[in-house]
Each structure stands twice: as C-alpha cells, then as structure tokens.
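Residue strings, one per chain:
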Amino acid sequence: WVTEGVSRCVPWMITPPPMVSRVYQELSNGMLGFNQALKLADIPFPFPYAQLLPVALCIFCMVMPFWVASLTDNQYVAPAACYMLATGLLSVNAIGMELENPFGDDTN
C-alpha cells in the first residue's frame, strides 16, 4: 500500500526519476528484511534441544570442577577457571533464551 501511495503521488512530484526509483528500492529492501524476520519468528526452536540444553549445562557444571582440578595443580586457578567457564556458558544460554522471545510476557 505504501508503494501504491508513492505511485499515485509521482505525477505531482518534482523529484527526478532516479530518486523515485531509489524510494521504490528502499521500500523493497524494507519488505525483504521484514519477510526474513517473519520467517525467523515463524520457525519454532526445536523443543527437544531446548529441553536438553539446561540438562547438559547442569551436568557440565557438576563435572567441570573435577575436570579442571585434574588439569591444574594451582588451588587458585581452578576455582577461577570453573567460575569463568560456568558463568560464560550460563550467560550464553540466558542470552539465547532472551533472543528466542525478545519481547517476553513480563513488564519492562
């Protein structure tokens, strides 16, 4: 409907044709971006993967201290490495959950 409105206004505009064609091109690019975003919103995230990821993170957080302790002999490096690894992976998971539903149901 926007392109039809622009087409109706073209006879009264004093704009040169290359500028009007650029308007049509930008409207087309906007619709292309909208349709690509709509495709991403319409395709659901695989439910089994979404349910398995927290379980895998929990197992990783339980096994990781023993694994890091066996790799390092320093009593100060092991807890710091465990904290950084766990915080990093849990943060990536939280960011992914937020990106999956960016507007959410909660109030801002």
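Residues numbered from 1 in each chain as written. Predicted model: local features only at pLDDT ≥ 70, side-chain atom pairs only at ≥ 80, totals over all residues. Heavy atoms only, no water.

### Observations regarding the overall build of the protein chain
In terms of helices and strands, the protein chain carries 4 helices and 0 strands. The order of α-helices and β-strands along the protein chain, N terminus first, is α-α-α-α. Residue burial in the protein chain is summarised as follows: out of 108 residues, 8% are buried. Accessible surface computed for the protein chain: about 9300 Å², of which carbon and sulfur atoms make up 71%. (Helix = DSSP H or I, 4+ residues; strand = E, 2+ residues; numbered from the N terminus. Buried < 20%, exposed > 50% of the residue type's maximum accessible area, 1.4 Å probe, protein only. Areas by Shrake-Rupley, 256 points an atom, 1.4 Å probe, with all protein chains shown as cover.)

### A short note on the side chain of N93
With respect to the element layout, N93 can be found in helix α4 (residues 77-100). Once residues within four sequence positions are removed from consideration, N93 is found in contact with L53 and L57. (Contact = heavy atoms within 4.5 Å.)

### Here we look at the layout of surface pockets
Computed from the structure, the largest pocket encloses a volume of approximately 380 Å³. Taken together, the elements giving at least two residues each to the lining of the largest pocket come down to α2 (17-42), α3 (47-71) and α4. For the lining of the largest pocket, the element with the most residues is α4, which contributes 5 residues. Taken together, the residues that form the lining of the largest pocket break down as 13 nonpolar, 2 polar and 1 charged. (1 Å grid on protein atoms, 1.4 Å probe; cavity = no way out; pocket = protein on both sides within 12 Å on 5 of 7 lines; lining within 4 Å. Points joined across faces, edges and corners; volume = space filled by probe spheres on them. Nonpolar A, V, L, I, M, F, W, Y, C, P; charged D, E, K, R; others polar.)

### A few points about the nonpolar core
Formed by M64, V68, A78, C82 and A86, the largest nonpolar core amounts to 5 residues. Counting residues per element, this core draws most heavily on α4, which supplies 3 residues. Leave out the neighbours within four places in its chain, and A78 touches V68, A69 and T72. (Core = buried A, V, L, I, M, F, W, Y, C linked by side-chain atoms within 4.5 Å.)

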